[in-house]
Amino acid sequence: MSPHDRSTSHLDQLEEIMADRTGQATAKVLTARLDLAVEGDDELSGPQREVASAVAGRRELVLVVGPAGAGKTTALGRAIEQLLAQGRAVFGVAPSAATAEVLAHDAGLASDTPDKLLVEHRLQRPPDHRYDLPTGATVVVDQAAMVPTPRLAGLAELAEHRRWRLVLVGDPLQFSAVGRSGMLGHLIDRYGAIELDRVHRFAHAWEREASLQLRRGNPDVLAVYDDHGRIHGGSRRQMERAVVNAWWEARSQGERAAMMAPTNETVVALNHRAQAIRARAGEVDLAGPSVEAASYRLHVGDAVPTPPNDRGLRTDYRLMVKNRDQWEVKAVHHDGALSVAGRTGTVRLPADYVAEHVELAYAQTIHATQGRTVDRAFLFLDGPADTQGVPRPAPRQHAAHEQPRVIGLVGYEAAAAERQRSIDVAVEQALLSTVPARMPQAAPPRRREMLGAVPHVLAAAVVLGVYLGLPLTLAARDLLGALGNAVLLAVAVLVLVGVTILAVLRATSRTVSSVLSEGAPAPASFRRVPAPSR
């Protein structure tokens, strides 16, 4: 069976299951939108109460959609408290181990990846007790738009077989899955969803509405971000330096900061700059032992991530090494292994694991930053990006005299009063098929010609003065004698000086007039860049 046929089969299977579940749920709750009251719901907004009530209710399928920062996790937390208080089982699923850990911490429920849950029920042994959920259990799929369609179909089939309730939470306008995706958006279009439409996360009121406009793909809202100093532009070298310096300044002030870029090439460049600035500050030991990994040389003091999950690698706290965990290098061993320390303990990463997977963690791709919690996020854009969340840079051709197109830097300041997954919002702010055009433009040809003509006009005035003064002086000597000659010579000199001054004034006046009529260089504008075809 071809990949296309398999994908179509998954879609058909998921459609059938969801249609059956939606029909049953509709029959049970009829037109009621609120299944039951949720304790503590006075602190929730109207849509949040609706989400909490539906999740804590009896419907077999619940679809929740909303932008990052709209309070989905808060509403889920209330519902999960209610479910657990009633003795009902609930389990969380998120696309990666890191995002599953965030879900577990923020919403207060046991969580893991969809792959782990599916594998546990496909083995030749009974599933581990953590994954052996009873009939009627509620499975919450967070960031469901990032779950590939085959995984989502597998979860739906498993839920149908085990008679679990399924809650899909996500935003089809944010990130999409790697591989076949788009099923969440399709289900929302077909069956409807409870929508959270108010953003709570931002410290600035203007940013709440602006983030929603940007999420919907409105390019005009970029002017608002520009007015508030959130967008900067320049050459590639200037912007690399600006991003790293901003990151370093935030980090030096004790803030959690992250750098993001859409391409691995740009990530590598930012990482090298960040490593160098940390070395100059004495935080990285370039003189000590090191090991080569990917595009980097790693030293004691460097920050590194662990890209793949490895349940066989355990820290001294017996916790597994998870995808996207952050570590600091404590020792470089002779065989190329690294001893690293992180929030889950310390672990020795084998040499082959280091060589194949480990890299620097100062800057990462936008997708890799999902789930991290930071105070400041800096996004480096050197190509078009779309609102789906995954940038698709398109190469540009330039004439030899042109500078590279604009590189955008977007900084996001998080509200300090609450815990927030800031990168999710920062990415959402910047992923639009628009690139700010802020490069200083060369003067128009007409203006350059006017400015370049000034020395020529001066030279012409001098020559004219000489040719006018010399004949008059010779004539005065023959007709009027020595005294008259002296007088006319003085007059000729005055004529020469006067003509020269007049010429200079006229040239300057014309140049200034030309500049004023053409206006100053245009302010920063935003040029629409069509998203690449898929």
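Residues numbered from 1 in each chain as written. Predicted model: local features only at pLDDT ≥ 70, side-chain atom pairs only at ≥ 80, totals over all residues. Heavy atoms only, no water.

**Student:** Can you walk me through helix α7 (residues 183-191) in this structure?
**Tutor:** The periodicity of an α-helix, 3.6 residues per turn, causes residues three or four positions apart to be oriented the same way. Buried within α7 we find Met183, Leu184, Gly185, Leu187 and Ile188. Phi turns positive one or two residues past the end of α7, at Gly192, with a value near 85°. (Buried < 20%, exposed > 50% of the residue type's maximum accessible area, 1.4 Å probe, protein only. Helix = DSSP H or I, 4+ residues; strand = E, 2+ residues; numbered from the N terminus.)

**Student:** I tried to follow the sheet that holds strand β16 (residues 345-349) on my own but got confused; where do I start?
**Tutor:** As a general point, the strands of a sheet are linked pairwise by backbone hydrogen bonds and lie either parallel or antiparallel. Read from one edge of the open sheet, four strands run β11-β14-β15-β16, paired in antiparallel fashion. Every interior strand has two partners, whereas the edge strands, β11 (303-306) and β16, have only one. Across the sheet, the axes of successive neighbouring strands diverge by a mean angle of 40°, strand direction being ignored. In this structure, strand β14 (residues 325-332) lies alongside strand β15 (residues 338-342), joined through four bridges in antiparallel fashion. (Pairing = 2+ DSSP bridges. Axes fitted to C-alpha atoms, helices over the stretch in contact; angles between N-to-C directions.)

**Student:** Explain the confidence of the model for the protein chain here, please?
**Tutor:** Do not read the predicted coordinates in detail wherever pLDDT is low. Looking at the protein chain as a whole, its pLDDT mean stands at 74, while 63% of the residues score no less than 70. Across residues 24-36, confidence stays below pLDDT 50; counting only partners more than four residues off in sequence or on other chains, it has 25 contacts. Predicted confidence is poor over residues 511-534, with pLDDT under 50, and the contacts of this stretch with residues over four places away or in other chains come to 43 contacts. (pLDDT = per-residue confidence, 0-100. Contact = heavy atoms within 4.5 Å.)

**Student:** Mind showing me how you'd approach the pattern of salt bridges here?
**Tutor:** Oppositely charged side chains can pair when the atoms bearing their charge come close. According to the stated counting rule, one finds 20 salt bridges in the structure shown. Across the pair Asp115 and Arg151 runs a salt bridge whose closest N-O atoms are separated by 2.6 Å. In this pair, Asp115 is assigned in helix α5 (residues 114-120) and Arg151 in helix α6 (residues 149-162), connecting sequence segments 36 residues apart. Given a relative accessible area of 33%, Asp115 falls into the partly exposed group. Judged by relative accessible area, Arg151 falls into the partly exposed class, the value being 32%. A salt bridge links Arg125 to Glu120; the nearest nitrogen and oxygen atoms lie 3.2 Å apart. For Arg125, a relative accessible area of 40% gives the class partly exposed. Here the salt bridges do not stand alone but share partners, grouping Glu101, Lys322, Asp325 and Arg343 into one network. (Salt bridge = Lys/Arg side-chain N within 4 Å of Asp/Glu carboxyl O.)

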